[in-house]
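# Examining the three-dimensional arrangement
So the chains spell out like this:
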Amino acid sequence: MNSNANNQSNQLFRLADGVLRPLGYEVLDVQVQNPGRRPIVVIRMDRLDEQPVTVENLEQASRVVGAEFDRADPIAGEYRLELESPGAKRPLTRARHFERMVGLKARVRSDGGHAFTAPIKGVEGEQVTFDVAGEDVTLTVGTFQANLAEFPDRHR
């Protein structure tokens, strides 16, 4: 992703999180798809109380974020706004996200050369330990990207 696209995603993240967090939601990820044509802004969100995201939550969040984007006008021209729940490929960005999913597999990528899919073994502070082929690999939250690689059998 180029610097301008990254800056735009960061700006959209801040705007969305600023209006959603007071309502009890957390922005997990913002992606701008189809740049150069009619962009689609996809916002993946979760509830701060860690309950399942409902259709009503998504409708409320869409209205609030849409109004904030209309006010701030962060995207030139027309675009489509989509809000979605974390889903099966949930981004894991905070220590508590990993804590909730201990025992499940995560897909991990880092600039430090780590790229693997492995179970989350444990979390201590900001350190997350994965079981990579029987070996512990411990990484610091914020230094790598991770997504859930398997869907839990129940809400966590």
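This text goes with the structure placed above it.
It should be emphasised that the depicted structure is a prediction, and the values quoted were computed from it without experimental measurement.

### Considering the overall build of the protein chain
In terms of regular secondary structure, the protein chain is built from three helices and eight strands. Mapped from its N terminus to its C terminus, the protein chain presents α and β elements in the order α-β-β-α-β-α-β-β-β-β-β. Over its C-alpha atoms, taken along the principal directions, the protein chain stretches across nearly 50 × 35 × 25 Å. In the protein chain, which comprises 156 residues, the proportion classed as buried is 40%.

### Looking at the pattern of salt bridges
Across all of its chains, the model carries 14 salt bridges by this definition. Between Glu-26 and Arg-94 there is a salt bridge, with the nearest N and O atoms lying 3.1 Å from each other. Of this pair, Glu-26 sits in strand E1 (residues 25-33) while Arg-94 sits in the loop between strand E3 (80-84) and helix H3 (95-100), and the two are 68 residues apart along the sequence. Relative accessible area serves as the criterion here: at 31%, Arg-94 is assigned to the partly exposed category.

### A word on the sheet that holds E1
The strands making up a sheet associate through backbone hydrogen bonding, with each pair oriented either parallel or antiparallel. Taken in spatial order, the three strands make up an open sheet running E1-E2-E3, and their pairing is mixed. Two strands in the sheet have a free side with no partner beyond their single neighbour: E1 and E3. Ignoring strand direction, the axes of neighbouring strands in this sheet form an average angle of 20 degrees. Packed onto the sheet, helix H2 (residues 55-72) meets E1, strand E2 (40-47) and E3 and runs at close to 145 degrees relative to E3.

### With respect to the sheet that holds strand E6 (residues 127-132)
The five strands lie next to each other as E7-E6-E5-E4-E8, forming an open sheet whose pairing is antiparallel. Strands with a single pairing partner mark the edges of an open sheet, and in this sheet they are strand E7 (135-140) and strand E8 (145-148). With strand direction ignored, the average angle separating the axes of adjacent strands in the sheet is 45 degrees.

### Quick notes on the environment of Pro-22
With respect to the helices, strands and loops of the structure, Pro-22 is situated in the loop between helix H1 (3-20) and E1. Take Pro-22: its relative accessible area is 63%, and that puts it in the exposed class. Separated by 69 residues in sequence, Pro-22 and Pro-91 have C-alpha atoms that sit 21 Å apart.

### Details of the pairing of E6
In summary, the side chains of a regular strand alternate between the two faces of the sheet. Direction of pairing for strand E5 (residues 115-124) relative to E6: antiparallel, over a ladder of four bridges. Within E6, the residue paired with Val-123 across the bridge is Val-128. Connecting E5 to the next strand, E6, in antiparallel fashion are two residues, including Gly-125 with a positive phi near 65 degrees. Relative to E7, E6 runs antiparallel, the two sharing six bridges. Bridge assignment links Gln-127 to a residue of E7, and that residue is Thr-140. Once E6 ends, the chain turns through two residues before running back antiparallel as E7, passing Ala-133 with a positive phi of about 50 degrees.

How each quantity is defined
Residues numbered from 1 in each chain as written. Predicted model: local features only at pLDDT ≥ 70, side-chain atom pairs only at ≥ 80, totals over all residues. Heavy atoms only, no water. Helix = DSSP H or I, 4+ residues; strand = E, 2+ residues; numbered from the N terminus. Buried < 20%, exposed > 50% of the residue type's maximum accessible area, 1.4 Å probe, protein only. Salt bridge = Lys/Arg side-chain N within 4 Å of Asp/Glu carboxyl O. Pairing = 2+ DSSP bridges. Axes fitted to C-alpha atoms, helices over the stretch in contact; angles between N-to-C directions. Contact = heavy atoms within 4.5 Å.

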